[in-house]
Each structure stands twice: as structure tokens, then as C-alpha cells.
Amino acid sequence: MRDQDSFFVGYLPAPPDVRRHAILAGLVLLAGFVLAALTLGRSPLDIGASSYGDELAITGVYSASPYPIVVAAPDTAHPRGRTIMLGGEGKVGAQAFGAAFDGRTVTVKGVLVKRGALDMLLVGGADQFAAATPAQQRPAATQLGRWRISGEICDGKCASGGMRPGVGLAHRACANLCISTGLPPVLVTSAPVEGSAYLLLANANGAAAPAAIADLVALPVTLEGDLERRGDLLIFRVDWSKARTS
Amino acid sequence: MSVRYTPVGWNANKIVYDALLVAAIVAYILVFIWAAERPGGAPPYDDATIRMRAFGSCAFLMLSVVLAIGPLARLDRRFLPLLYNRRHFGVATCVVAFTHASYVLGWYFAFSAHDPYAALLTSNTSYARLAGFPFEIFGLAALVILLLLAVTSHDFWLSFMSAPVWKALHMSVYAAYTLVVAHVAFGALLAPVLQPLQIVVPACALGVVALHALAARAEPASSENQGWIVVGAPDRIAEGRAIVVPVEGGESVAIFRHEGRLSAIANACAHQNGPLGEGRIVDGCITCPWHGFQYRPEDGCSPPPFTEKVATYNLRLENGAVLLDPKPNARGQRVEPLAVGETLA
Amino acid sequence: MLAGHRKAHRAIWRALALLIPLILLAGWFARPHARVDLPERLSAPREAGR
């Protein structure tokens, strides 16, 4: 215990040396906070650039299962046909909006959210869907075999730039909430698979992923299942009983 | 000391203290956001997440500092002015933590058909495993404690609940800190790349623990003596000062010298258990080093109009040595001060 | 009152001196490992018509 003659009483003017020390301590605290903010504010995390807000109208065949997607006719830029996942604005899937159009050719208007190859069209409501002519053929799925693939399960909206970073364990509950409302879950793979860095996830029978997917989201996982391509989108029909976290 | 309660009893020292505190918080948040939004390259966090991280890390640092003030002041009394207004620091910490939580609820748990609070509690239920554990629940529990402590921080509640109950309640700040450490350890620290936070947070948490261990070692050991305790020659005690004598059961007694006469009172202030023996005689009254509560040496009573009382103890002089009776008198019971001759410097 | 308070305070900090490093360690081990398992094709595509 240090001892000295100056004695601080809170409601009296502080003796000069006590005052000096207290102000010094306050300034050290202030400087420490500024230094800490400089250190902690910057992050080495790099998730790549993303864009949010470009308006887009796409014409193609709408599929409701496993999750709402639109497959456009092939063109030079997209020889397999541009395929885009749909979501609602906010944490809501687009299932209800497109219910009347499954298998039909539609023009859908929305806002594009995009990070790298992963993108999604955010649709405001059923009024953004319109039947289009001429009618296109529902594209056939190409089977790519059975695969075992590692990666991280994310919700397709946040991971494509709806939020930044929109991935990782701190964002886990948010991703679960998104997926539970019908937004499509995607597997961001540890390495590209058949040219794609992400896969849309489905059940083994091709329906939407089960609710139990919530326990696997944001963790490093290894999934096994059948891979298929629809347009230029890869869909992974997972055997969920074989899913494991590492 | 107060005879009636005002929302905050302001004085010059508190104003300087709060000004520095607010300056530190504002500087931290602004610099954090500036550093996170630096141009060049894609910022990995959106605006809401940057603010979430800024307020969250600020609250963690503030709570660490709040818990470091106590042991710092015991190790070096020049830190006592930081302790004087520590409650404002605590309330400010709660406000910053609440802002952090508001950003989380208004971003991660908003925009859905579910109630944000319900979504917070039900979106992640992996309670059975460490990786992916719903760490939000730790933060929520800590915030509830901090809110409770902030609401009951006023001296009105101290008096209403009585000091022991209030002290016991406010010791739950340690639980809050542990929960906050868990909240960060299973949340922000689980980043896929190495981040400065992963060094700063453990350093702060372990630093706070180490300071408390150091301060505990500096505490006097308690005495198991029965009967009168030999304190030593009266000139051990300087004029206007006290020495602290540990007595049975972990209590201790402060023996003050005032105008050449000795008086003994309990070494725990009636306000918040402040160490009276580390105080001084100011204007003829024993003055607590923490918040300046005052007691008359001869009867342990605060001067009117104040009503606080502490226990007095009996002293006698034998063969030139001061002896202390470890049995306390009633609070506020008058004991004639023991004349021991002329004042020593 | 002071003794009880001090004892509780000391007991709490002894517990925290154990608990806080334990929590930090547990958190560290819960970090996702940067292990890269490359995608692996287990079998060729089945014939069309399934």
C-alpha cells in the first residue's frame, strides 16, 4: 500500500497530486480506448466484395422445389442457362409468391444481391411474377453422381451479400432464422465442385432440406449425397443421416 | 452522504470523471467505426455489424476496467478517485452493452415474421455442443444482470435493501463478467481467421483475475486471538491517521489518533464497507477513503444531520502499549478516547 | 458483515480464477478448424431414367 499525505475526498476539491494522478489515469484510459478501437476495428477477415441493389428482371422456367429458382434459356454468357435462386425481402422465402407458377415460364422482377458466383434475386411479392411467352421447356436435371463434400452451410441470402460477413459462427442464429423462413440453404464448398464454389442444398428426395439442418449451419461439415445440375445451378441432394461435423 | 435522495449528487470531481468517461466511449466508437470502414478493399462487415462489434467490444473493455478499479485502488491508493464514481462507469457500461444488444436484435433477429426476442431464444438450440453453442444466451444473461445492477445502483436502493443485501446483489457483477467472457469466447472469438480480439479479450480477462489475486494477497491476515490484543506503542499511529488491527472472525478495527487521543471503530464504512482505517481525520471526523462518509471518532456516529453509525471498540494503555478489546460495542456507542500524550508527527 | 463479504469475495475470485481461463480454453478448442477436405466423387452418375 502506498502512503502519502494527500487524501482524496470525493466531494472536496482534490489535492493537487491526487488530481494530477487521477487526470493522468483518465487520459491513459482515453488513450487506451482509442488504441484498442484502432486495433479491434480493423479486421483481417476477407470475404470478397459483394453488391446489393441492382435491379434485375429474368425470364425463365420457375421451379418451386427444392427452393424457388428460375432457369433462363441458354445464351452466350450462360451456355447452360442462367439459374438464379429467389428469396423475399426481409427474412422470408419466395415460396408463397411463386406458388401459382411452378413449372411455368415467368418474368420475375427483383433486386440482385451478389457475392462472387453466389447470387440471389430478392422479390417483393407475388406481383413481381408475371407469366411470360413463349413458354420454355422445363430444363432437365443432369445427374453428376454421388459426392462427399466439405464446407460451411450458410443461408443463401446473407452469404450472397444480404449481410456482411453473413457467414461464420457469430452469424449462426441469423442464418438459422433465415433458413427456417424458407430462404435456401447453400453449402459454400472447401474447393470448387464441377466449377461451382457453392451448392443449393436439398433433401435426398429433392425436397427442401429438413429443419434439423439448423444444427449443422455455420460449422465445418462434410455432407454426402447426389449432385445434379439444373441450368447452371448445382443442387446437392444430401443424405442427412450421413452428415457429420468435423 | 445524503439526508435526502437526489437523482445524482453532482460535484466537480464527478463532472470531470463523467466527462472523461463519455469522451473515452465516444472516441472508442468513432475510431472503431472509422478503422472498420477504411477505404480500399471490401469491408468484411456491414454498417450494422460494425456497430454491433464496436459497442460489444467497448462494453467488454469497460466492464474489465470497472472490475480492475477495485483491486487497483487497494494496491495503490492513488487510484481511489477512480473508485469514487465507479457506479457511473458501471451504468455507462450497461448503456453501451444495451446498445450492442439493440443492434443485434435489430439486425440478426429482425426482418422476419417472428418476434425478435423469440427468434433470439429459438434460432439456435445447439446446447449440447461447444462449437456453435448459442452464445447469445450468455450475453443476454449478463445484460439482465447489468440492467438490474444499473437500476439499483442509486444510494436509495443501498439504503432500502441495507448495505449487506445491496453488496451481495452487486457482487453478481462477477457472474456478469464471467458470462460476458463466455459470450465472447463462444461468439466473436470463433472467427475463421486470427483477429486482434482473440488476444485482447483473454489478456483483459486474465489481467482482471490477476489483479484481484494480487489485491487479495495484500489483505491483512485475520487474527484468531481471544481477549485483549496488544496493538503496540501508541506512536505507531500518526496524528489524523489510523492503523488497522485484524480481529477474530475476519473483521478488523481501525484505531485513529486525533489530537493526541486514540479511538477505535469498525474498519467498515456503513455505506459500502469502505476501509475506514485507510481514511483520515478531516474536520475532526474519520473520513472514508471511498466516498467521504464521516464518523466522529468517539462514538462512530456521522455528524448530524446524517444518521450512519458504526461499532466502536474499547482501548486501554498498559505498560506503554495500547491494548484493544476485540469485542465490538453497539453501533454509535460512545467510548472516551484514550489519552496517550502529545501528538507525534 | 465485513468478514462475510470479504470471504464471499475471496471465494468468488478463486472460482473465477479457475473458471475464466477454462472458458477461454474451451472457446479456443471450439474454433472451427481450417481443415480442407477436398470434394470427392464416390460414384459416377447413374443412367438417365431414374
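Residues numbered from 1 in each chain as written. Chains lettered and ligands numbered in written order. Predicted model: local features only at pLDDT ≥ 70, side-chain atom pairs only at ≥ 80, totals over all residues.

Q: So what exactly am I meant to see when it comes to the domain arrangement of chain A here?
A: When the parts come together, some accessible area is lost, and that loss is often what is quoted as the size of the interface. All names here are of chain A. Splitting chain A by domain gives domain 1 (50–131) and domain 2 (142–245). Tallying the contact residues gives 27 residues for domain 1 and 28 residues for domain 2. If you list the elements that add at least two residues to the side of domain 1 that touches domain 2, you get strand 1 (50–63), strand 2 (69–72), strand 3 (83–88), strand 4 (105–115) and strand 5 (118–123). For the side of domain 1 that touches domain 2, the class distribution of residues is 11 nonpolar, 10 polar and 6 charged. (Domains from an automatic or database assignment. Contact = placed C-beta atoms within 7 Å. Helix = DSSP H or I, 4+ residues; strand = E, 2+ residues; numbered from the N terminus. Nonpolar A, V, L, I, M, F, W, Y, C, P; charged D, E, K, R; others polar.)

Q: Mind showing me how you'd approach the interface of chain A and chain C here?
A: At the junction of the two partners, chain A supplies 17 residues and chain C supplies 14 residues. Those elements that provide at least two residues to the side of chain A that touches chain C are strand 7 (142–155), strand 8 (185–193) and strand 10 (220–230) of chain A. Looking at the side of chain A that touches chain C element by element, the count peaks at 8 residues for strand 7 of chain A. Residues of the side of chain A that touches chain C, tallied by class, amount to 8 nonpolar, 7 polar and 2 charged. Both strand 7 of chain A and strand 1 (residues 40–43) of chain C contribute to a ladder of 3 bridges, which runs antiparallel. Paired with tryptophan 147 of chain A across the two strands is arginine 41 of chain C, which belongs to strand 1 of chain C. (Pairing = 2+ DSSP bridges.)

Q: Would you mind showing me how to read the interface of chain B and chain A here?
A: Taken together, the contacts link 59 residues of chain B with 52 residues of chain A. Tallying contributions element by element places helix 1 (residues 12–36) of chain B first for the side of chain B that touches chain A, with 12 residues.

Q: Where do I start with the domain arrangement of chain B in this structure?
A: Residue and element names in this part refer to chain B. One can read the domain layout of chain B as domain 1 (12–217) and domain 2 (229–339). Once you take the C-alpha centre of each, domain 1 and domain 2 turn out to be 38 Å apart. At the junction of the two partners, domain 1 supplies 6 residues and domain 2 supplies 8 residues. Elements with a minimum of two residues in the side of domain 1 that touches domain 2: helix 3 (80–84) and helix 8 (163–170). It is helix 3 that provides the largest number of residues to the side of domain 1 that touches domain 2, a total of 3 residues. In terms of residue class, the side of domain 1 that touches domain 2 is built from 4 nonpolar, no polar and 2 charged.

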